[in-house]
Amino acid sequence: MDAIFQRRSIRKFKDEPINEEQLKTLLKAAMAAPNAFESNEWEFVVVQSEEGKKKIIAAQPYARAAENAAAIIIVCGNTKLERIEPVLVQNCCAAIENILICATALNLGSLWLGVGGETITKLRQAFGIPEYVLPVGMVAVGHAAQVKPAHDRYFAEKVHFERFSRSATSLT
Ligand SMILES: Cc1cc2nc3c(=O)[nH]c(=O)nc-3n(C[C@H](O)[C@H](O)[C@H](O)COP(=O)(O)O)c2cc1C
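(A) Here's a closer look at the site of the ligand. By nearness alone, every residue bordering the ligand is listed as Arg-7, Arg-8, Ser-9, Arg-11, Gln-60, Tyr-62, Leu-111, Trp-112, Leu-113, Gly-114, His-151 and Arg-153. Side-chain polar atom of Ser-9 to an oxygen atom of the ligand: 2.6 Å apart, as the coordinates give it. Arg-11 is positioned such that a nitrogen or oxygen atom in its side chain is 2.7 Å from an oxygen atom of the ligand. In isolation the ligand exposes 620 Å². Once the protein is present, 64% of that is buried. Of the residues that constitute the shell around the ligand, the class distribution is 4 nonpolar, 4 polar and 4 charged.

(B) Region of interest: the pairing of strand S4 (residues 133-142). Taking burial as the measure, the 10 residues of S4 include 10 buried ones, the bulk of the element. Here 8 bridges tie strand S2 (residues 71-78) to S4, and the two strands are oriented antiparallel to one another. In the strand pairing of S4, Ile-73 is matched with Val-139.

(C) Helix H4 (residues 85-105), seen in detail. End to end, H4 covers 30 Å across 21 residues, agreeing with the expected 30 Å (1.5 Å per residue, within 8%). Among the residues of H4, those classed as buried are Val-87, Leu-88, Asn-91, Cys-92, Ala-94, Ala-95, Ile-96, Ile-99, Leu-100, Cys-102, Ala-103 and Thr-104. Against helix H1 (2-6), helix H2 (20-31), strand S1 (42-47), S2, strand S3 (109-114) and S4 lie the buried residues of H4. Taken from the residues just after H4, Asn-107 is the one with a positive phi, measuring 65 degrees.

(D) Layout of the side chain of Asn-91. One can find Asn-91 in helix H4. Among the polar contacts made by the side chain of Asn-91, one reaches the main-chain amide nitrogen of Ala-36 at a distance of 2.9 Å. Those residues within four positions of Asn-91 in sequence are excluded, and the remaining contacts are Pro-34, Asn-35, Ala-36, Ser-39, Glu-41, Trp-42 and Glu-82.

(E) Examining unusual backbone geometry more closely. With a phi close to 45 degrees, Glu-38 is a non-glycine residue in the positive phi region. By the secondary structure assignment, Glu-38 is in the loop between H2 and S1. Given a relative accessible area of 63%, Glu-38 falls into the exposed group. Not every positive phi belongs to a glycine, and Glu-162 is a case in point at roughly 70 degrees.

(F) Local environment of the pattern of salt bridges. Applying the stated rule across the entire model yields 5 salt bridges. With a shortest N-O distance of 3.1 Å, Lys-53 and Glu-50 are connected by a salt bridge. A residue pair is termed a helical-turn pair when its members lie 3 or 4 positions apart in one helix, as Lys-53 and Glu-50 do in helix H3 (residues 50-59) at 3 residues. Looking at Lys-53, the relative accessible area reads 4%, which means it is buried.

Conventions and cut-offs
- Within each chain, residues carry numbers counting from 1 in the order of the written sequence.
- Where totals are concerned, whole chains, interfaces and linings use all residues; where local detail is concerned, this predicted model gives features only for residues with pLDDT of at least 70, and gives and counts side-chain atom pairs only at 80 or more.
- Hydrogens are left out, water is left out, and the side-chain values use all remaining heavy atoms of the structure.
- One heavy atom suffices: a residue is near a molecule or strand as soon as one of its heavy atoms comes within 4 Å of it.
- What qualifies as a polar contact is a pair of N or O atoms within 3.5 Å, subject to a donor-acceptor requirement within protein and to the restriction that residues adjacent in sequence count only when both atoms come from side chains.
- Here the open area of atoms and residues is found with the Shrake-Rupley method and a 1.4 Å probe, where only the protein chains shown may cover a residue.
- Polar here means any residue other than Ala, Val, Leu, Ile, Met, Phe, Trp, Tyr, Cys and Pro, which are nonpolar, and Asp, Glu, Lys and Arg, which are charged; Gly is therefore polar.
- For every residue, the accessible area (1.4 Å probe, protein chains only) is compared with the maximum for its type, and the residue is labelled buried under 20%, exposed over 50%, or partly exposed between those bounds.
- Every helix listed is a DSSP run of H or I at least four residues long, and every strand listed is a run of E at least two residues long, numbered separately from the N terminus.
- Paired strands are those between which DSSP finds at least two bridges.
- An expected span of 1.5 Å times one less than the residue number is assigned to each helix.
- Only heavy atoms enter the contact rule, under which two residues are in contact if any of them lie within 4.5 Å.
- Basic side-chain nitrogens of Lys or Arg form a salt bridge, by our definition, when they fall within 4 Å of a carboxyl oxygen of Asp or Glu.

What follows is the structure in structure tokens.
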């Protein structure tokens, strides 16, 4: 539970690698996520080289914060294993969230980086990702060089009992 509430987007990383065990734990957490029909359709491209990170930053205009991350994991869905794109995307997002929570539990910083439009094409070109594999999102991970407090984003008005309504009456 702590890891869920402590997780924050980290945009400053120490210039320090993560070890193989940490990386494997993150990937195991990703693959432990729920996925429809248990298709296990996800594919993970792990980028640790400076050259690779530069390519990601060139492909995604809001990824600059990841330049000192120890690794960036490109989370992709394999359309040969899951043909329904919304399902594929949901599976991959579950995997991404598991990586973020696991990183927090390992005392590592992490950042979700969105992927869409031209970034998909650029990532495919840069990392040899075939057409049938769709990059869905990326996670930058490393040793945090900033501390961010947990925030409370619970808003009772976001909860609707039985019917969508503007006024929540409980769970205040
Ligand atoms: C789908 C998605 C895409 C995101 N893309 C980026 C991104 O490209 N660059 C970035 O710095 N943060 C990105 N974020 C992180 C959000 O900006 C962040 O979660 C939000 O500001 C809330 O802060 P918190 O994660 O610390 O709670 C993304 C988050 C999500 C869920």
